[in-house]
Amino acid sequence: MIDAFAKLDRQVQKWVYKQGWTNLREIQSKAIPPILACDRDLVISASTAEGKTEAFFLPGCSAVVGRKQAVSILYISPLKSLINDQYRRLRELCDMLDMQVTPWHGDVSQSKKKHFKRNPQGILLITPESLESLLIREAGWIKPSFSQLKYVCVDEFHAFIGTERGQQLLSLLNRLEHLLNRLKDPIPRIALSATLGELDKVPLSLRPNGSLPCKTITSSKFRNPIKVQVKGFVEPAEVLEDDSNNPAEHQICREIYQRCRGDSHLVFAVSRERTESIAVSLADFCEQNGVPNEFFPHHGSLAKNLREDLEARLQIETIPTTAVCTMTLELGIDIGKVNSVVQVTAPHSVSSLRQRMGRSGRRNSPAVLQMLIAEKQINKSSNINDHLRLELVQSLAIVRLMIVRKWFEPPDVRQLHLSTFVHQILAVIAQWGSIRTDQLYVLLCDQGPFKKISVGHYKQLLTHMGKEKLLQQFNSGELVLGIEGERVVNHYTFYSVFHTPIDYRVVTENKTLGSLPAQNVILKEQHIVFGGKRWKVTEIDDVRRVVNVVSAKGGNPPKFNGSGISVHDAVRMEMYRIYSAGDYRIEVSSRKIDFADDQARHLFQEAAEFFHRADLKNQLIVQIGTNCYLFTWMGDKIINTLTVLLKQQGFVASSFGGVVEIQDAAKDEVKKCLTDLANCELPTETELARELKNKRVDKYDRFIPEFLLNEGYGRKAFDSLAAKDWIRTRLCH
DNA sequence: GACCTGCTGCGGGGTG
């Protein structure tokens, strides 16, 4: 450890002393030799607040100190706010090293950018979108300015893996190496990441062409103990018309109020709508009790300054503050640690729950999680899903997977990312002016990250893009942008690969509170909840897309849009094990720890009894009245596949919470149908996708021909092989 | 029955 420290630059060592650090953290010491060697990629995987940033920058800066001719380190972050944070943290170190550090994103002033362009050196902190714009517009400047580039560092790498934006990033890094003639002598990539599942697969996600070896560093540090409780609530069967007084949610808010007031906590409420309704109820409790409000909402549709005010307040430990939030407070921004984390309604993945837990656990105190789950009261009209209490059992399963099995979801790496492929074709042509089709394929698919795209598909896509006037091909084989291509590329929204719907701005007295999706109807005089407060809509301007509001009483939060959720196989399999055993408790050295409260335990016992009575341990198809219910206890890809297969065969099938409902069908009929299907070739995922409408979900899907779109969509939504395997191994026996 | 992220160049007006 001490040896590693000795290898750092003297000024860097001085900076470490100045921080009052007596020694480096484990991952920081471990990272020094491989970064100084500069001959391989590196994945630094550790939980928040273990000093990952310094783990890279201490040796990284040591290796490049004194170099003035060109940029030495390129740091890429998914968030502008993180770039601003890192800039503040790096400035002192870089001042001591007489090294330039420059933040570069959409909010950085033109003057700062101009200064850097005249004087490119040191460290550049940038977003993928800004790097894209530099490659397209300033490739001639990048070539000399980055000629000495020694490291590329990607922060929050887990947020990129398997996404459209991550695919763009990989393509950008490959295009950069190509531009700098560094394909044979690649620039080492350092990925900083929260703890990941399946660490052995990360190197391929960091450099798909494998042109440089990769080392992975993790921390063996003893983690804070974890305290978890699941609390149950009962939703009365007869809910009054006025759902503003939703009884279970009211009880849940009372629980949060009593638990959280006086300290700092995060309440993850899953949807923006629920975030608003809980935040405003808690503010109401404060008002009724004559105490100052300390509960505030935080989500992506809230104005930036409101969010930043709350983030700043969370950092002040002496002021009790509870943020009711969506995943906006899951990663990235430095808000310090909170006393505990509350999760309202079941989380959908183990990995996001883990991230959330990481926000709790101040100085040697345990990380505390409370899950508040409402289930419906059972009556005559209750359906099978109500009886099974799927949400409660999903919550129990996810806690067990996190604590007992220490498992979490790997990213889906089967996807084609066709929308981003179209984007990168346009971007590369815009960058070079023109390129031969074979060169373009080598750059994006052979060397770059689009390895799953065949030459045949590539050619058909180019033909289609030609028809759409995105491209034009000369007789020489050179591709240039077509009229439509020029139009798309020259618009400033081109640089991002993710889709953003049109919004209305919500304004009061010239202050912007946030935004609302345009599709959702808001009426004049309507009372709404927004930003944790109550308002009346006074005016709607459809041209400027502005909703004006004034302070008022009453009202409900507006609807925001959301698409489907996806639950992994492992979660449903764990649910099946819990039901079958009739026991969810966690075994710790021959003792069983019950992490549910009385109400949750009671709700679970009722559900387990129902499961047992219906013999769901052995029965995979159940007949209730004229309907059938199919239980696979598998993830949503298999559920989707079976649902569409049954529909194709003429059944009326739909799924909810992982259970497939088949209307007006006999159990044996359904079983025979699926068995027969599995005895021959099942339709491919592409064939299943043909059955569906509304498949254009990603930003550039509108430029993809139907047959290719089916291929891309099929891989996202279905898994024919796994579905066939399930029928043969489970249903046929 | 879900969430999040980002982007330009230019012209007009105000300030020091």
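Our subject is the structure that appears above.
Residues numbered from 1 in each chain as written. Chains lettered and ligands numbered in written order. Predicted model: local features only at pLDDT ≥ 70, side-chain atom pairs only at ≥ 80, totals over all residues. Heavy atoms only, no water.

A.B. asks: Even after reading the chapter, I still don't get the overall build of chain A, so can you show me in this structure?
C.D. replies: For chain A, the count of helices and strands is 27 helices and 27 strands. By the compact-globule yardstick of 27 Å for 733 residues, chain A fits well, its C-alpha radius of gyration being 27 Å. Its C-alpha atoms put chain A at 75 × 65 × 65 Å along the principal axes. Put simply, of all contacts in chain A between residues at least 6 apart along the chain, 72% involve residues at least 24 apart. Total accessible area on chain A is roughly 33500 Å²; 49% of this is exposed by carbon and sulfur atoms. Taking the average location of the 96 positive side-chain charges in chain A and that of its 84 negative ones, the two points are 5 Å from each other. (Helix = DSSP H or I, 4+ residues; strand = E, 2+ residues; numbered from the N terminus. Rg over C-alpha atoms; globule rule 2.2 N^0.38 Å. Contact = heavy atoms within 4.5 Å. Areas by Shrake-Rupley, 256 points an atom, 1.4 Å probe, with all protein chains shown as cover. Lys, Arg positive; Asp, Glu negative; His and termini not counted. Charge placed at Lys NZ, Arg CZ, Asp CG, Glu CD.)

A.B. asks: Whenever I open this one, the packing of aromatic side chains confuses me. Can you help?
C.D. replies: Geometrically, a pair of aromatic rings is defined through the distance of the ring centres and the angle of the planes. Scanning the model with the defined rule gives 24 aromatic pairs in all. Relative to Trp 141, the ring of Phe 116 has its centre 5.9 Å away and its plane inclined at 75°; by these criteria the two rings are edge-to-face. Note that Phe 116 is positioned in helix 6 (residues 110-118) and Trp 141 in helix 8 (residues 139-145), a separation of 25 residues in sequence. As far as burial versus exposure is concerned, Phe 116 and Trp 141 are alike and both buried. Relative to Phe 611, the ring of Tyr 579 has its centre 4.9 Å away and its plane inclined at 10°; by these criteria the two rings are stacked. Residue Tyr 579 is found in helix 21 (residues 569-581), and its partner Phe 611 is found in helix 22 (residues 598-613); the two are separated by 32 residues along the sequence. The residues Tyr 579 and Phe 611 share a single accessibility class, namely buried. An aromatic cluster is defined as three or more aromatic residues linked by ring pairs; in this entry it consists of Tyr 576, Tyr 579, Phe 611, Phe 631 and Trp 633. For Lys 117, the ring lying beneath its charged end belongs to Trp 141, and the centroid distance is 6.0 Å. Lying across the ring of Tyr 576, Arg 730 places its NZ or CZ 5.8 Å from the centre. (Phe/Tyr/Trp six-rings, centres within 6.5 Å; stacked < 30°, edge-to-face > 60°. Buried < 20%, exposed > 50% of the residue type's maximum accessible area, 1.4 Å probe, protein only. Lys NZ or Arg CZ within 6 Å of the ring centre and 35° of its normal.)

A.B. asks: Any chance you could explain helix 4 (residues 52-64) here in plain terms?
C.D. replies: Counting along an α-helix, one turn takes 3.6 residues, and residues three or four places apart therefore face a common direction. For helix 4, spanning 13 residues, the distance from its first C-alpha to its last is 19 Å, which sits close to the expected 18 Å at 1.5 Å a residue. Within helix 4, 12 of the 13 residues are buried, leaving the element largely enclosed by the surrounding structure. Taken residue by residue, helix 4 has Lys 52, Thr 53, Glu 54, Ala 55, Phe 56, Phe 57, Leu 58, Pro 59, Gly 60, Cys 61, Ser 62 and Val 64 as its buried positions. Directly beyond the C-terminal end of helix 4, a positive phi value near 90° is found at Gly 66. (Expected span 1.5 Å × (residues − 1).)

A.B. asks: Just checking my understanding: could you explain the sheet that holds strand 21 (residues 546-551) for this structure?
C.D. replies: Within a sheet, each strand pairs with its neighbour through backbone hydrogen bonds, oriented either parallel or antiparallel. Reading across from one edge, 18-17-21-20-19 is the order of the 5 strands in this open sheet, with mixed pairing throughout. Both outer strands of the open sheet, strand 18 (511-517) and strand 19 (527-530), are each paired with one neighbouring strand and no more. Mean inter-strand twist for the sheet, computed between neighbouring axes without regard to direction, equals 40°. Both strand 17 (residues 503-508) and strand 21 contribute to a ladder of 3 bridges, which runs parallel. Each bridged residue has a counterpart across the sheet, and for Val 507 the counterpart in strand 21 is Asn 548. (Pairing = 2+ DSSP bridges. Axes fitted to C-alpha atoms, helices over the stretch in contact; angles between N-to-C directions.)

A.B. asks: Explain the protein's contact with DNA strand B to me, please; I cannot follow it from the model alone.
C.D. replies: Every one of the 34 residues lining DNA strand B counts as a neighbour, but Lys 80, Arg 137, Gly 300, Tyr 492 and Ser 655 are closest to it. The sugar and phosphate moieties of DNA strand B supply 54% of its atoms located within 4 Å of the protein. Pro 78 places a polar main-chain atom, nitrogen or oxygen, 3.4 Å from a sugar or linking oxygen of DNA strand B. The contact in question runs from a base nitrogen of DNA strand B to an N or O atom on the side chain of Ser 496, over 2.8 Å. If you list the elements that add at least two residues to the surface near DNA strand B, you get helix 7 (128-137) and strand 26 (652-656). Per-element accounting of the surface near DNA strand B gives the leading share, 4 residues, to helix 7. Residues that form the surface near DNA strand B fall into these classes: 9 nonpolar, 19 polar and 6 charged. (Near = heavy atom within 4 Å. Polar contact = N/O pair within 3.5 Å; in protein donor to acceptor, adjacent residues only side chain to side chain. Nonpolar A, V, L, I, M, F, W, Y, C, P; charged D, E, K, R; others polar.)

A.B. asks: Explain the pairing of strand 20 (residues 533-541) here, please?
C.D. replies: Note on strand geometry: in a regular strand, side chains alternate between the two faces of the sheet. Looking at chain direction, strand 19 and strand 20 are connected through 4 bridges and run antiparallel. The residue of strand 20 that forms the bridge with Val 529 is Arg 534. In textbook terms, the turn of a hairpin is the stretch between consecutive antiparallel strands, and for strand 19 and strand 20 this stretch comprises 2 residues, one of which, Gly 531, has a positive phi near 65°. As judged from the 6 bridges shared by strand 20 and strand 21, these two strands associate in the antiparallel manner. Counterpart to Trp 535 in the pairing with strand 21 is Ser 551. Linking two consecutive strands that pair antiparallel, namely strand 20 and strand 21, is a turn of 4 residues; a positive phi of about 55° is found at Arg 545 within it.

Shape is all these values report; function is a separate question.
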